[in-house]
Amino acid sequence: MQLGSTGIWSIELRVADPYEIADAAAELDDLGWGALWIPGLGGGDIIADSERLLHATRRLHVAIGVASIWRHPADELAAGHARLQDTYGRRHMLGLGVSDPAAARAVGHPYRPLADMGRYLDDLDRAPAPTLPAERLMAALGPKMTSLAGERTAGVHPFMVTPEYTAAARRQLGDGPLVAPYQAVVLERDPAKARAAARDFLGVFLGMDHYARSLLRQGFTEQDLAGGGSDRLIDSVVAWGDVEAIGTRLQAHHQAGADHVCLHVVGAGPGMPLPQWRELAVLTA
C-alpha cells in the first residue's frame, strides 16, 4: 500500500464537527497529501471515523495511528477494515498499538506486550475477513516489537522519535518494510513560544513509561525528560520554525530511510489548523 511520502496526523480530523472534517479532508486531498492519520484515542468507533475521511476523499489513504489492541476486538476491527477496503478501493491502513500496562489491566489482562501483540495478529489472521499483513502496521518502539512488525505487518509507525531513530529502524528492518514516523511540528519562529507549544502537547507523554524508555534508548537522559522536556529533547523530536525548517526535518527523516512521514501541527490554537496545513502543503511535492 503506497501512502505517499508525506501525510497529515490530526486529532481534529477525528473529533471536530463531521461536516468540517469532511470539508477539510477533501481539501487536503486536493492539496496533494498522501495520507490522513487519525489517533485511536480512548477507543470509540474508529472504523466509522475512518470511513468519514474515505468518503470525503478520492485519492489519499486513511491510516489509524493507532488503535489499541485492548479497546478493539480483533474480529470486529478486521471486519470493519475489510468493508472499508472493499468500498473505498483499498485505501485504509490499520495501525495497531499494544498501549501500556494500565490499558491491559483495565480489561483484566496481564501485560506481556510482545506476546499480546503476536496473539492479536494471530486473531487478525484467523478472522472471518482476515487483515492482510500489508494492510496493517504497528506503533513499535523497542527492537523486539520492531522485529515483530517487520515480520508480520507492513512496518512501523513510531511516535516521538528522531531521524536517528528512523535510521536505526531502517537498518534493523532492511529495505522492504514501511517506516512511517510521526513528526510533531510547530509553525513558530520564536524559540520560546515554539518550545512552550511543543511541551503543552508532548509533556504528558514523557511521564508514560513506554515513551520514556524509548527516549532513553534514543540517547536522552532522565534530566531531558524532566519538566516537560529539555530544550535538547524538544528540539530533537519536534520540528519548529518556518516551512523551510519543517522541510529540513522532513528531509532528514527521508534521508534516514523513512518511506512516509506524517506531520502533526501542534500549538495552532483551537479548531482545525487548515491555514498551517495549506502552508505546509508545499512539502508534499
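Coordinates for the structure precede this section.
Keep in mind it's a predicted model, so treat the numbers as computed, not measured.

Rules behind the numbers
Every residue gets a number counted from 1 within its own chain, in the order that chain's sequence is written. Per-residue local features of the predicted model are confined to residues with pLDDT of at least 70, and side-chain atom pairs are confined, for both listing and counting, to 80 or more; whole-chain, interface and lining totals are unaffected and use all residues. To get the side-chain values, all heavy atoms of the structure are used, and hydrogens and water are removed first. Secondary structure elements follow DSSP: runs of H or I of four or more residues count as helices, runs of E of two or more count as strands, with numbering from the N terminus. We compute the radius of gyration over the C-alpha atoms and compare it with the globule rule, which gives 2.2 Å times the number of residues raised to the power 0.38. Burial status follows relative accessibility: with a 1.4 Å probe on protein chains alone, a residue under 20% of its type maximum counts as buried, one over 50% as exposed, and anything between as partly exposed. Residue contacts follow a heavy-atom distance rule, with two residues in contact if any of their heavy atoms lie within 4.5 Å. Aromatic contacts are taken between Phe, Tyr and Trp rings whose centres are within 6.5 Å, Trp giving its six-membered ring; a plane angle under 30 degrees counts as stacked, one over 60 as edge-to-face, and the others as tilted. A carboxyl oxygen of Asp or Glu within 4 Å of a side-chain nitrogen of Lys or Arg is what we treat as a salt bridge. Here, any two strands with at least 2 DSSP bridges between them count as paired. Every crossover in which the path from the first strand over the helix to the second runs clockwise, viewed with the strands pointing away from the viewer, is termed right-handed. Expected helix span is given by 1.5 Å per residue-to-residue step, counting one fewer step than there are residues. In these notes, a set of buried Ala, Val, Leu, Ile, Met, Phe, Trp, Tyr and Cys residues joined through side-chain atoms within 4.5 Å is what counts as a nonpolar core. Lines fitted to C-alpha atoms define the axes here, with helix axes fitted over just the stretch in contact, and angles between the N-to-C directions of these axes take values from 0 to 180 degrees. Any angle between 65 and 115 degrees counts as roughly perpendicular, while under 35 counts as roughly parallel, over 145 as roughly antiparallel, and the rest as oblique. Definitions for this section: a left-handed crossing has its near helix turned counterclockwise from the far helix by less than a right angle. A right-handed crossing has that turn clockwise. Residues are grouped as follows: Ala, Val, Leu, Ile, Met, Phe, Trp, Tyr, Cys and Pro are nonpolar; Asp, Glu, Lys and Arg are charged; every other residue, Gly included, is polar. Between N or O atoms, a polar contact is any pair within 3.5 Å; within protein, one atom must be a potential hydrogen donor and the other a potential acceptor, and residues adjacent in sequence are included only when both atoms are from side chains.

(A) Representation of the overall build of the protein in the model. The helix and strand inventory of the protein stands at 14 helices and eleven strands. In terms of overall dimensions, the protein is globule-like: its C-alpha atoms have a radius of gyration of 18 Å, near the 19 Å expected for 285 residues. With respect to the principal axes defined by its C-alpha atoms, the protein has extents near 55 × 40 × 35 Å. Relative to its 285 residues, the protein shows a buried fraction of 56%. Within the protein, residue pairs in contact and separated by at least 24 positions form 72% of the contacts whose partners lie at least 6 positions apart.

(B) Spotlight on the packing of aromatic side chains. As enumerated under the stated definition, the model contains six aromatic pairs in all. Measuring from ring centre to ring centre gives 5.1 Å for Trp 9 and Tyr 182, while their planes differ by 85°; the resulting arrangement is edge-to-face. Linking Trp 9 in strand β1 (residues 6-9) with Tyr 182 in strand β9 (residues 182-186), this pair joins segments that are 173 residues apart in sequence. Tyr 182 carries the same exposure label as Trp 9, and that label is buried.

(C) Spatial organisation of the pattern of salt bridges. Going through the model one piece at a time under the given rule, you end up with 20 salt bridges. Here Glu 135 ties to Arg 90 by a salt bridge, and the two come within 2.8 Å at their closest N and O atoms. One end of the pair, Glu 135, is in the loop between α6 (113-126) and β6 (136-138); the other, Arg 90, is in the loop between α4 (74-88) and β5 (92-97), and 45 residues separate them in sequence. Its relative accessible area of 7% is what places Glu 135 among the buried residues. Among the residues examined, Arg 90 registers a relative accessible area of 40% and is labelled partly exposed. A single salt-bridge network, built from bridges that share partners, covers Asp 122, Asp 125, Arg 136 and Arg 152.

(D) Representation of the pairing of strand β2 (residues 35-38). What you see with β2 is no split at all: Ala 35 and Trp 37 on one side and Leu 36 and Ile 38 on the other are buried throughout. Across three bridges, the pairing between β1 and β2 is parallel. Across the sheet, Gly 7 pairs through a bridge with Ala 35, a residue of β2. Since β2 and strand β3 (residues 61-64) lie parallel, the crossover through helix α3 (residues 46-56) that links them has a hand, and here it is right-handed.

(E) Region of interest: α6. Helix length check: α6 (14 residues) gives 20 Å between terminal C-alpha atoms against 20 Å at 1.5 Å per residue, within 8%. Residues of α6 that are buried include every one of Asp 116, Met 117, Gly 118, Tyr 120, Leu 121 and Leu 124, and no others. On its buried side, α6 packs onto α4, β5, β6 and α7 (143-152).

(F) Seen up close, the nonpolar core. Leu 13, Leu 96, Met 117 and Trp 277 are the most contacted members of the largest nonpolar core, which has 57 residues in total. The residues touching Met 117, leaving out its near neighbours within four places in the chain, are Ile 69, Leu 96, Gly 97, Val 98, Met 138, Met 145 and Leu 148.

(G) Structural view of the packing of α7 against helix α8 (residues 163-173). Two numbers describe how α7 lies on α8: the axes approach to 10 Å, and their chain directions differ by 55°. When the interaxial angle is binned, α7 and α8 end up oblique. Every pair of crossing elements has a handedness; the one defined by α7 and α8 is right-handed. Along the contact surface, α7 presents Pro 143, Thr 146, Ser 147 and Gly 150, while α8 presents Tyr 165, Gln 172 and Leu 173. Across the contact of α7 with α8, the residue classes break down as three nonpolar, four polar and no charged.

(H) Main features of the environment of Thr 248. Within the fold, Thr 248 resides in helix α13 (residues 243-256). Considered as a pair, Thr 248 and Met 138 are 110 residues apart in the sequence and their alpha carbons are 26 Å apart.

(I) Quick look at unusual backbone geometry. Residue Gly 65 is joined to Val 66 through a cis peptide bond whose omega torsion reads 0°. Here Val 66 shows up in the loop between β3 and β4 (67-68). Phi angles above zero are rare outside glycine, and Arg 90 is one such case at about 55°.

(J) Local environment of the pairing of β1. With burial as the criterion, each face of β1 is covered, one bearing Thr 6 and Ile 8 and the other bearing Gly 7 and Trp 9. Note: β1 against strand β11 (residues 261-265), three bridges, orientation parallel. By the bridge assignment, Gly 7 is partnered in β11 with Cys 262.

(K) Spatial organisation of the side chain of Arg 170. Its location among the elements puts Arg 170 in helix α8. On the basis of relative accessible area, Arg 170 is assigned to the buried category, the value being 12%. Looking at Arg 170, its side chain comes within polar contact range of the main-chain oxygen of Gly 174, at 2.6 Å. A distance of 3.0 Å separates the side chain of Arg 170 from the backbone oxygen of Gly 257, its partner in a polar contact. Not counting the four nearest positions on each side in its chain, Arg 170 is found in contact with Asp 175, Gly 176, Pro 177, Leu 178, Val 179, Ala 256, Gly 257 and Asp 259.

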